[in-house]
Amino acid sequence: MTSVFSKLNAEIVDPSKYDSYFLWAGVKPQLVLESANTVYIHAGEVWADDNTQIVDMRAGVPRIDHANIWMTLRVERIDWDDQVYKQMLAKLIRWEGKQKYFQGVQIDFDAATLHLKEYAVFLRELRRRLPERYRLSITGLMDWSAGGELIALGLLGEAVDEIVIQTYQGLDTIANYNVYLRTLKRIGFPYRIALVQGGDWVPPAELAKDSLFKGYVVFLVNPT
């Protein structure tokens, strides 16, 4: 009955009611971005068939002076060649030069829940290579808090500044998301929750009481 109750009482995710967003390649900017507090911008990808380069997703570096900006890299593998690290650092410097409130890099990688320790090892190495002025963010799957080992979650927390937990798959909110969200206390480090524009959402009341919860991020989509 839980999922039915959620669906019947759900709000439709309206970006104008939030202040932080994902702007993915191929998605047209919306007016809400003009008053955004934080924007995660899809900048490049590391593809499964090539661990030697970051493929650019944007023709140039955007200039934004009013919001906190993260450079997001969508990656399909984490066994990076040294060239990828060098390319990432060069991109970070270029992005930093264009932004007034540049934060750092976000890694978007769907690590299997049973392999979070291996992912943490990668993130620790990435953190070691990052200049201290850059922060490190990751996206995460809801199953990580539900099924991940506490040791693995702790290792993630030692390596990153935040995790943005996705509550959607494609353009649809995942069914029974409220069941997964009950396990968020296992995360143990700062987290945000990502919603998809136009998706269904019932805000869990307990989130407001959690000091580690840092707010929502809306994944913007093109109008259908």
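The rules behind each value
Residues numbered from 1 in each chain as written. Predicted model: local features only at pLDDT ≥ 70, side-chain atom pairs only at ≥ 80, totals over all residues. Heavy atoms only, no water. Helix = DSSP H or I, 4+ residues; strand = E, 2+ residues; numbered from the N terminus. Rg over C-alpha atoms; globule rule 2.2 N^0.38 Å. Buried < 20%, exposed > 50% of the residue type's maximum accessible area, 1.4 Å probe, protein only. Contact = heavy atoms within 4.5 Å. Areas by Shrake-Rupley, 256 points an atom, 1.4 Å probe, with all protein chains shown as cover. Lys, Arg positive; Asp, Glu negative; His and termini not counted. Charge placed at Lys NZ, Arg CZ, Asp CG, Glu CD. 1 Å grid on protein atoms, 1.4 Å probe; cavity = no way out; pocket = protein on both sides within 12 Å on 5 of 7 lines; lining within 4 Å. Points joined across faces, edges and corners; volume = space filled by probe spheres on them. Nonpolar A, V, L, I, M, F, W, Y, C, P; charged D, E, K, R; others polar. Salt bridge = Lys/Arg side-chain N within 4 Å of Asp/Glu carboxyl O. Pairing = 2+ DSSP bridges. Phe/Tyr/Trp six-rings, centres within 6.5 Å; stacked < 30°, edge-to-face > 60°. Lys NZ or Arg CZ within 6 Å of the ring centre and 35° of its normal.

A.B. asks: Help me out: how do you make sense of the overall build of the protein chain in this one?
C.D. replies: From N to C terminus, the protein chain includes six helices and 13 strands. The C-alpha radius of gyration of the protein chain comes to 17 Å, within 12% of the 17 Å expected for a compact globule of 224 residues. Projected onto its principal axes, the C-alpha positions of the protein chain cover 50 × 40 × 35 Å. Here the protein chain, with 224 residues, has 47% of them falling under the buried criterion. Considering only residue pairs separated by 6 or more positions, the protein chain has 74% of its internal contacts joining residues 24 or more positions apart. Surface exposure of the protein chain reaches about 11,200 Å², of which carbon and sulfur atoms provide 53%. Between the centroid of the 25 positive side chains of the protein chain and the centroid of its 28 negative side chains there is a distance of 4 Å.

A.B. asks: Please explain the layout of surface pockets as it appears in this structure.
C.D. replies: Any empty space left between atoms is shown by rolling a water-sized probe over those atoms. A volume near 430 Å³ is recorded for the largest pocket. Taken together, 17 residues form the lining of the largest pocket, with D110, L141, Q166, Y168 and Q169 sitting closest to its centre. Of all elements in the fold, only β7 (135-141), α4 (142-147) and β9 (168-169) reach the threshold of two or more residues within the lining of the largest pocket. Broken down by class, the residue content of the lining of the largest pocket amounts to nine nonpolar, four polar and four charged.

A.B. asks: So what exactly am I meant to see when it comes to the pattern of salt bridges here?
C.D. replies: Oppositely charged side chains are able to pair whenever their charged atoms sit close together. Applying the stated criterion across every chain yields a total of ten salt bridges. The residue D108 makes a salt bridge to R74 at a minimum N-O spacing of 3.3 Å. One end of the pair, D108, is in strand β6 (residues 99-108); the other, R74, is in strand β5 (residues 64-75), and 34 residues separate them in sequence. Judged by its relative accessible area of 4%, D108 is buried. Of the charged contacts in the structure, one is a salt bridge between D82 and R129, with a shortest N-O distance of 3.0 Å. One end of the pair, D82, is in helix α2 (residues 82-98); the other, R129, is in helix α3 (residues 116-129), and 47 residues separate them in sequence. On the basis of relative accessibility, which here comes to 42%, the residue D82 falls in the partly exposed class. Among the charged side chains, a network of salt bridges with common partners joins D82, E125, R128 and R129.

A.B. asks: Which parts of the structure should I look at to understand the pairing of strand β2 (residues 20-23)?
C.D. replies: Side-chain positions along a regular strand alternate between the two faces of the sheet. Going residue by residue along β2, you find S20 and F22 tucked away on one face and Y21 and L23 tucked away on the opposite face as well. Note: β2 against strand β3 (residues 38-46), four bridges, orientation parallel. Among the inter-strand pairings, Y21 is bridged to a residue of β3, identified as V39. Sheet analysis places β2 next to strand β13 (residues 213-219), joined by two bridges and oriented parallel. Each bridged residue has a counterpart across the sheet, and for Y21 the counterpart in β13 is V218.

A.B. asks: Could you clarify how one ought to interpret the environment of E149 in this entry?
C.D. replies: Here E149 is to be found in the loop between α4 and α5 (150-159). Sequence-wise, E149 and R186 are 37 residues apart; in three dimensions their C-alpha atoms are separated by 9.2 Å.

A.B. asks: Is there a simple way to explain the environment of P223 in this structure?
C.D. replies: Take P223: it is sitting in the segment after β13. Residue P223 is classed as exposed on the basis of its relative accessible area of 76%. Separated by 84 residues in the primary sequence, P223 and T139 have C-alpha atoms spaced 24 Å apart.

A.B. asks: What is the right way to look at the packing of aromatic side chains in this model?
C.D. replies: Each aromatic ring pair is summarised here by two numbers: the centre-to-centre distance and the angle between the ring planes. For the structure shown, the criterion picks out 17 aromatic pairs. Residues F102 and Y134 carry aromatic rings whose centres are separated by 6.0 Å and whose planes lie at 85 degrees to one another, so their mutual orientation is edge-to-face. With F102 in strand β6 and Y134 in the loop between α3 and β7, this pair connects stretches of sequence that are 32 residues apart. Relative accessible area serves as the criterion here: at 13%, F102 is assigned to the buried category. Residue class for Y134 comes out buried when judged on its relative accessible area of 2%. Here the aromatic rings of F213 and Y216 are separated by 5.2 Å at their centres, their planes lie at 75 degrees, and the arrangement is edge-to-face. Here a set of aromatic residues connected by ring pairs shows up, and it is made of Y18, Y177, Y191, W201, F213 and Y216. Residue placement shows R129 over the ring face of Y85; its charged tip is 3.9 Å from the ring centre.

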